[in-house]
Amino acid sequence: MKTAYINAKMLNKKQAFIVENGRFTHVGTKRKILSEAIDEIIDLKDQIVLPGFNDAHMHVLGLGKMMNMVDVSEEPSIDSMIDCLTASNKNPIIARGYKETQFVELREPTKADLDKVSKDVPVLLYRFCSHVMIANSKAIEMALEQNGGYPENQAHYDLEKGRFAESARSFLMGLEPEDDAALREMILKGQDHLLKHGITSVGSDDFGVVSVHYERVLNVFKTLAKEDKLKLRILEQVNIPDEEDFDDFLTKGYPHKQFGRYTIGPVKLLTDGSLGARTAAMREPYSDMEKETGFMVFDRDTIQKRIEKARKHNMDYAMHAIGDKAIETLVEISETLKETNRRDAISHAQLADEALIERMSAIGLGAQVQPAFTASDAPIVKERLGDRSEHVYLFNTMIEKGVSVAFSTDAPIEHVNPFHTLFSALKRTTIKEDYPPYLPKEGVPLETGIEAYSIMGAYFARMEDELGDIKKGHLADFIVVENLDFKDPSTLKNAQVVETYIEGEKVCEPGDLS
């Protein structure tokens, strides 16, 4: 069936297009499109049409998981947070979203705080970055019984504070509901939320957000794809830290396998932590903690061997690195390997300075960045980094220097709303504008930002010849948007997706965008 969409406003200045068999077959003027043989006409009434957004790095399963948790991100004090959690009737009580800077106490919650919530029910609290969890005494007791011992790396946890960071988090994650039915519900809930916001493709790390074996997660995705319930395009960023499990993954021939719209993509490891938790690996100590430099979760040799092993199966990499030491480690590895025709990327990369960016550009190493982090981290960057804060979050510099840059949200760490991300990329502050713009010269122009949120995501998926643009021959993934004016960036604050299409199929209409 040939369906013509007319009276559209698009960045390419065209007014209409035809979709047939899931692809754009014609794109042009209204007059030209209506001269073609067509079966149906849909009048878009001068609404904005954009390519479906591609969130290049996030966590579909993690998004659905976090949507089931108690949100404490707006609590003004630790006492009010305790009251909020005490009111929950869940067992276990799992919460998310705190930042130390949001509380009047200006400190991190502790085990003692969560013990006030309950001494009989396990209570788990995720920091907004998800790199740190706080647990009450009951949760630690149950996790100890479940695991038969405490985590091996004592540097990653503090029993007195009930604080578990990075690899030590897995000690607690087994307390969360993770049967196949729960995984399925989380994936579908995350997918629904993304489609409502016009996200049609994602790069997603799903194996790393739950404690179960990677193959259980993969099989749930396979089942959903077989049932035609997986509408979203998902490029799995393969985060399997355990060497034996990764060997099992390779032996079973999973690299590049495709199940419907679910595709096995690049290899991933968390090479370091986060800036807020002071676990991002830095070359020099944090300015507000003179002996702390964060840490590498894996040493260089381990990371390089993992990449080389993945290369034997022609896998690109999408490695998590935030601190300048972690970023430099990946740059050095790529410089050593001297490969071409790769679509490697550093996920995050926000603390890359000008020199590291030059080196990334020289070797074709890309970046999957989160513009919303610029706004979220603004209150702590100067405190954490001192003078170095003038040389970080250089996203526009990356683009100008020729680094392939794709936008993302790392959801559920940041909200999935792409228009808010584009606003932060352009204006370098939150949509509330409650902080002065951070290094405003690094603002990314709107049209460039839309490309980073569409074509560049497709690039890292090796699908730029089929996705990311409204042009003849491309898959018909597109969105219809209201309340957006390309000439007025302030309209990004209230822009909203009206309809979402994947391969010409309407997969989402207006609904609850909370």
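Everything here concerns the structure above.
Predicted, not measured: the structure shown is a model, and the values here were computed from it.

What counts and what doesn't
Residues numbered from 1 in each chain as written. Predicted model: local features only at pLDDT ≥ 70, side-chain atom pairs only at ≥ 80, totals over all residues. Heavy atoms only, no water. Helix = DSSP H or I, 4+ residues; strand = E, 2+ residues; numbered from the N terminus. Rg over C-alpha atoms; globule rule 2.2 N^0.38 Å. Buried < 20%, exposed > 50% of the residue type's maximum accessible area, 1.4 Å probe, protein only. Contact = heavy atoms within 4.5 Å. Areas by Shrake-Rupley, 256 points an atom, 1.4 Å probe, with all protein chains shown as cover. Lys, Arg positive; Asp, Glu negative; His and termini not counted. Charge placed at Lys NZ, Arg CZ, Asp CG, Glu CD. Axes fitted to C-alpha atoms, helices over the stretch in contact; angles between N-to-C directions. Parallel < 35°, antiparallel > 145°, perpendicular 65-115°, else oblique. Left-handed = near helix turned anticlockwise from the far one by under 90°. Nonpolar A, V, L, I, M, F, W, Y, C, P; charged D, E, K, R; others polar. Pairing = 2+ DSSP bridges.

Visitor: What is the right way to read the overall build of the protein from this model?
Guide: Along the protein, the regular secondary structure elements total 17 helices and 22 strands. What you see for the protein is a C-alpha radius of gyration of 23 Å, in line with the 24 Å of a compact globule of 514 residues. Projecting the C-alpha coordinates of the protein onto the three principal axes gives extents of approximately 75 × 50 × 50 Å. In the protein, which comprises 514 residues, the share counted as buried stands at 58%. Pairs at least 24 apart in sequence give 73% of the contacts found in the protein among residues at least 6 apart. When the accessible surface of the protein is split by element, carbon and sulfur atoms take 47% of a total near 20,900 Å². Charge centroids of the protein, computed over 63 positive and 85 negative side chains, lie 4 Å from each other.

Visitor: Sorry, what's going on with the packing of helix H10 (residues 300–311) against helix H11 (residues 324–337) here?
Guide: What describes two packed helices is the angle between their axes and the distance between those same axes. Running from N to C, H10 and H11 cross one another at 50°; their axes reach a closest spacing of 10 Å. By the criterion of interaxial angle, the relationship of H10 to H11 is oblique. In terms of crossing hand, the pair formed by H10 and H11 is right-handed. From H10, Arg-300, Ile-303, Gln-304, Ile-307 and Glu-308 reach across to H11, where they touch Thr-329, Leu-330, Glu-332, Ile-333, Thr-336 and Leu-337. Of the residues in the contact of H10 with H11, the class split is five nonpolar, three polar and three charged.

Visitor: Explanation requested: the sheet that holds strand E7 (residues 93–98) in the structure shown.
Guide: Note: strands within a sheet are paired through backbone hydrogen bonds, in either parallel or antiparallel orientation. Overall, mixed pairing links the six strands, which are arranged E6-E7-E8-E9-E11-E10 in an open sheet. The open sheet has two edge strands with one neighbour each: strand E6 (70–71) and strand E10 (157–158). Pairing geometry for strand E9 (residues 132–135) and strand E11 (residues 163–165), over three bridges, is antiparallel. What sits directly across from Val-132, in E11, is Ala-165. Across the face of the sheet, helix H5 (residues 137–147) comes into contact with strand E8 (123–127), E9 and E11 while running at roughly 105° to E9.

Visitor: What is the right way to look at unusual backbone geometry in this model?
Guide: Glycine aside, the phi torsion of most residues is negative, and most peptide linkages are trans. The peptide bond linking Asn-91 to Pro-92 adopts the cis configuration, its omega dihedral lying at 5°. Inspection of the secondary structure puts Pro-92 in the loop between helix H3 (78–86) and E7. Omega for the bond connecting Ala-411 with Pro-412 falls within 30 degrees of zero, at 15°, which places this linkage in the cis form. Turning to its location among the elements, Pro-412 is positioned in the loop between strand E19 (405–407) and helix H15 (418–427). One non-glycine residue, Asn-7, adopts positive backbone phi at about 60°. The residue Asn-7 is located in strand E1 (residues 3–9) in this model.

Distances and angles like these do not, on their own, reveal function.
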